[in-house]
Amino acid sequence: MDEDLILDIMSCCPATEISKLRLLNKACNKRSYEFYFINHHLQRTNSVLGYFIQDHKKHRPGFVVFGAEEEAPEKPRISLEFLPSRDAKIEACDARHGILLCVDDKFKGGRRIPDYIVCKPATKQYRFIPNPKTRYFTIAIGLMVIQSNPFRYKIVRVSEPLPWERRKTSEGFYNLNCEVFYSDTYAWKQLNDLELPSGEFFRRSEKPEALYGCLHWLTGENNVIQFCMQTETWSFFPLPEEVIGDGSSQDLVSYEGKLAVLCSNLNSRGGYDLWVLNNSSGKSWANVKDVQVTDLEDKYAKPLWFLSNDIILVAGFARLGLYNTNSNKLLYKTTQECLPYYLPRDVCFPFYSNFERICLDEGSGRSKTKQS
């Protein structure tokens, strides 16, 4: 079958089905990650693509839309205005399904008693879930939709243990609390403690990348820590040997459906090397692309994530914009008042969603659908 015909058929399919069609051949797979195809898909399906910006002034996160959606005023506006609290902050996101986990910090009687809310902004559905069992400081948290129909998801949370629960082994490992929320059981389950080597830590601003049925974080010692949603176990694997200890900055990203690490090239101003993990075992990295973000007036400009394999979201000094790596053309979005004056990787949440309702309202617990 002709590649153009295959891509035309794919552009009419729901986003959840495109991943299956990408297995047909390598050429269609690669072309389906180009911005031209993604923009065409948005035009032909009831979908929206953009990102949320977390307001550092504790106002509701704002949403910026991409591509064809800018010219489609008939589609519902994406926002978090439907949530019951104005102060709810986004803590985790499944970018490919448009599902958010928001937390509203409330204080009653001098105690912090937060509300945890899972929501789908495109359909204005939300649901309160129980608080985690461990009530100490959250170090890392991630959300993943594990099945679309019926709708099922899991949340993993890592937190510091209470002072009297902290321990360090003779091998130099220290423990962290780990628990998982499963939508089927509507409850948190405490897992065995996560043990990290001394000196190893989660980066404070690091948000997980969801691929291969796992969540991935980049640690402070140039390792990737992986949590498997199916087995509910942790594993580690290192970054490519070529980038360890060379002084470059590294960030985990998703590229053409694979886990990748974007490393600054110290020998090239505005240059970055893209290393892609060839398989989920973590044993094979390949340098697949030399990413050039050049001719920018803003010396603080830095890539955040790949919108497609040729378009990058770039953050600068209180600005965000799209950068075409093929044409070296930059288009900055209007500066938002809420945008911090530092690189906002930890306050930017990619978002890709359809407008189909999910069964978020079913089962026990408080749930709500905001009427337009």
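Anything mentioned here points back to the structure above.
Note that the structure is predicted; figures quoted are calculated from it, not measured. (Residues numbered from 1 in each chain as written. Predicted model: local features only at pLDDT ≥ 70, side-chain atom pairs only at ≥ 80, totals over all residues. Heavy atoms only, no water.)

### Brief notes about the overall build of the chain
Alright, step 1. Assigned secondary structure in the chain consists of four helices and 27 strands.
Alright, step 2. Relative to its 372 residues, the chain shows a buried fraction of 52%.
Alright, step 3. Relative to all contacts within the chain whose residues are 6 or more apart in sequence, the contacts with residues 24 or more apart total 49%.
Alright, step 4. A total of about 18200 Å² of accessible surface is found on the chain, and carbon and sulfur atoms cover 49% of it. (Helix = DSSP H or I, 4+ residues; strand = E, 2+ residues; numbered from the N terminus. Buried < 20%, exposed > 50% of the residue type's maximum accessible area, 1.4 Å probe, protein only. Contact = heavy atoms within 4.5 Å. Areas by Shrake-Rupley, 256 points an atom, 1.4 Å probe, with all protein chains shown as cover.)

### Quick look at the sheet that holds strand E26 (residues 348-354)
Alright, step 1. The antiparallel open sheet is built from three strands, whose spatial order is E2-E1-E26. Across the chains shown, the open sheet's two edge strands, defined by having one partner strand only, are strand E2 (62-65) and E26. The sheet shows a mean angle of 30° between the axes of neighbouring strands, taken without regard to direction.
Alright, step 2. By the bridge criterion, seven bridges tie strand E1 (residues 47-53) to E26 in an arrangement that is antiparallel. Residue pairing for E26: Gly50 is matched across the bridge by Phe351.
Alright, step 3. Lying on the sheet, helix H4 (residues 35-44) is in contact with E1 and E26; it crosses E1 at an angle near 110°. (Pairing = 2+ DSSP bridges. Axes fitted to C-alpha atoms, helices over the stretch in contact; angles between N-to-C directions.)

### Here's the deal with the nonpolar core
Alright, step 1. In terms of nonpolar packing, the biggest core is built from 20 residues, with Phe52, Ile78, Leu80, Leu83, Leu100, Cys102 and Cys119 touching the most fellow members.
Alright, step 2. Put simply, the parts of the chain that give this core at least two residues each are E1, strand E3 (89-94), strand E4 (99-104), strand E7 (115-120), strand E8 (125-129) and E26. (Core = buried A, V, L, I, M, F, W, Y, C linked by side-chain atoms within 4.5 Å.)

### Details of unusual backbone geometry
Alright, step 1. Look at the link from Asn149 to Pro150: it is a cis peptide, with omega at 0°.
Alright, step 2. Notably, Glu232 is not glycine yet its phi reads approximately 55°, a positive angle.
Alright, step 3. With respect to the helices, strands and loops of the structure, Glu232 is situated in the loop between strand E16 (223-228) and strand E17 (233-238).
Alright, step 4. The residue Glu256 is not glycine, and still its phi comes out positive at about 50°.
Alright, step 5. Along the polypeptide, Glu256 turns up in the loop between strand E18 (250-255) and strand E19 (258-264).

### With respect to the side chain of Thr45
Alright, step 1. Residue position: Thr45 is located in the loop between H4 and E1.
Alright, step 2. In this structure the side chain of Thr45 is engaged in a polar contact, spanning 2.7 Å, whose partner is the backbone oxygen of His41. (Polar contact = N/O pair within 3.5 Å; in protein donor to acceptor, adjacent residues only side chain to side chain.)

### Looking at the pairing of strand E13 (residues 194-197)
Within a regular strand, side chains alternate between the sheet's two faces.
Alright, step 1. Along E13, the buried face is formed by Leu194 and Leu196; none of Glu195 and Pro197, which line the opposite face, is buried.
Alright, step 2. Here strand E11 (residues 173-182) pairs with E13 via four bridges, running antiparallel. Bridge pairing links Leu176 to Leu194 in E13.

### Brief notes about the state of the cysteines
Alright, step 1. Applying the stated criterion across every chain, the model contains zero disulfides.
Alright, step 2. Cysteine Cys214 shares no disulfide, and the gap to the nearest cysteine sulfur, in Cys228, comes to 4.3 Å.
Alright, step 3. The class for Cys214 is buried, based on a relative accessible area of 4%. (Disulfide = S-S within 2.5 Å.)

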